[in-house]
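For reference, the chains in residue letters:
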Amino acid sequence: MIIVGLTGSVASGKSTVARWITAKGISVHDADAAVHSFLAPNGQAVAKIIATFGPDIGASDGSIDRKKLGRHVFANPIDREKLESILHPMVRQHRDQFLTDQQRIGSQIVVLDVPLLYETGGEGLCDYVIVVNASEDTIRHRALSRPGMTAEKLTGILATQIPASEKCKRADFVLDTDLDPATTCQHLFTWLDRITAAIDISKSRN
């Protein structure tokens, strides 16, 4: 089974790309979605996070107040590391179960959608890595149009990520989302088709 990593800077267009991949019939493991489930009412991480950061970080519905938690950890690097030490093992376990399930049903190719793929060393698990990329101006415009995003918060998020230029150097495929969506999608599908064709050729030779 081929494992493809999908990553990119904040507001690079990665979520849209993940939806295109899913629409193509390829299963995608979304690390952010897994984290959201852990922070949801009675989620797997709720008790540990409240024990670590105090009851004020919890919401009345039994979830974690993600906005409050986000503001806190971006302002406190040591506490951000504490949060990562809680969440990252849970995400890895969730991902490993996904891979086991996909292997069992015979999937040829799967995608791991991980915003901090390189930052966490997750590329070591992947056969290929796609980096979704856009210009700094595009990223800034997209990010600041999101509810609750500020220039200060964006700076803090980018500070936790490897620079896009470095990610692009390390990628097997760089997908430019400054292009129109139809062209970007076609470039993506052409690359994915080439990978799956290589799988079929390899099988035919064995």
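Residues numbered from 1 in each chain as written. Predicted model: local features only at pLDDT ≥ 70, side-chain atom pairs only at ≥ 80, totals over all residues. Heavy atoms only, no water.

### Considerations on helix 6 (residues 136-144)
And then number 1: Along helix 6, the residues that are buried comprise T138, I139 and A143. For helix 6, the angular spread of buried residues about the axis comes to 120 degrees, placing them on one side. Exposed residues lying more than 90 degrees from the buried face of helix 6 are D137 and H141. (Buried < 20%, exposed > 50% of the residue type's maximum accessible area, 1.4 Å probe, protein only. Helix = DSSP H or I, 4+ residues; strand = E, 2+ residues; numbered from the N terminus. Arc of directions from axis to C-beta.)

### A word on the nonpolar core
And then number 1: Counting 31 residues, the largest nonpolar core has A45, I49, L69 and L87 as its most contacted members.
And then number 2: Sort the elements by how many residues they give to this core and helix 5 (residues 77-104) lands first, with 7 residues.
And then number 3: Excluding residues that lie within four positions of it along the chain, L87 makes contacts with V35, F38, L39, A45 and I49. (Core = buried A, V, L, I, M, F, W, Y, C linked by side-chain atoms within 4.5 Å. Contact = heavy atoms within 4.5 Å.)

### Observations concerning the pattern of salt bridges
And then number 1: Applying the stated criterion to the full structure yields 7 salt bridges.
And then number 2: Note that D96 and R95 form a salt bridge whose closest N and O atoms lie 3.0 Å from each other.
And then number 3: In this structure, the salt-bridge partner of R170 is E123, at a minimum N-O distance of 3.0 Å. On the criterion of sequence distance, the pair formed by R170 in helix 8 (residues 164-170) and E123 in the loop between strand 3 (109-113) and strand 4 (128-133) is long-range, its members being 47 residues apart. (Salt bridge = Lys/Arg side-chain N within 4 Å of Asp/Glu carboxyl O.)

### Examining the packing of helix 2 (residues 31-39) against helix 5
How two helices sit against one another is set out by the angle between their axes and by the gap between those axes.
And then number 1: Across the interface, helix 2 lies against helix 5 with an axial gap of 10 Å and an inter-helix angle of 115 degrees. Pair helix 2 / helix 5 crosses with right-handed handedness. In this structure, helix 2 contributes A31, A34, V35, F38 and L39 to the contact, and helix 5 contributes L87, M90, V91 and H94.
And then number 2: Looking at the contact of helix 2 with helix 5 residue by residue, the class counts come to 8 nonpolar, 1 polar and no charged. (Axes fitted to C-alpha atoms, helices over the stretch in contact; angles between N-to-C directions. Left-handed = near helix turned anticlockwise from the far one by under 90°. Nonpolar A, V, L, I, M, F, W, Y, C, P; charged D, E, K, R; others polar.)

### Section: the sheet that holds strand 2 (residues 27-30)
And then number 1: Strand order in this open sheet of 5 strands is 2-3-1-4-5, and the pairing throughout is parallel. Since the sheet does not close on itself, it has two edges, and those belong to strand 2 and strand 5 (173-176), each with one partner. On average, each strand axis in the sheet is tilted by 25 degrees relative to the strand beside it, whichever way the strands run.
And then number 2: Here strand 4 runs beside strand 5; their pairing, made up of 4 bridges, is parallel. For N133, the partnering residue across the bridge sits in strand 5 and is D176.
And then number 3: Sheet strands in contact with helix 1 (residues 14-23) are strand 1 (2-8), strand 2, strand 3, strand 4 and strand 5, and its direction is about 155 degrees off that of strand 1.
And then number 4: Most of the contacts of helix 2 go to strand 2, to which it runs at about 50 degrees, and overall it touches strand 2 and strand 3. (Pairing = 2+ DSSP bridges.)

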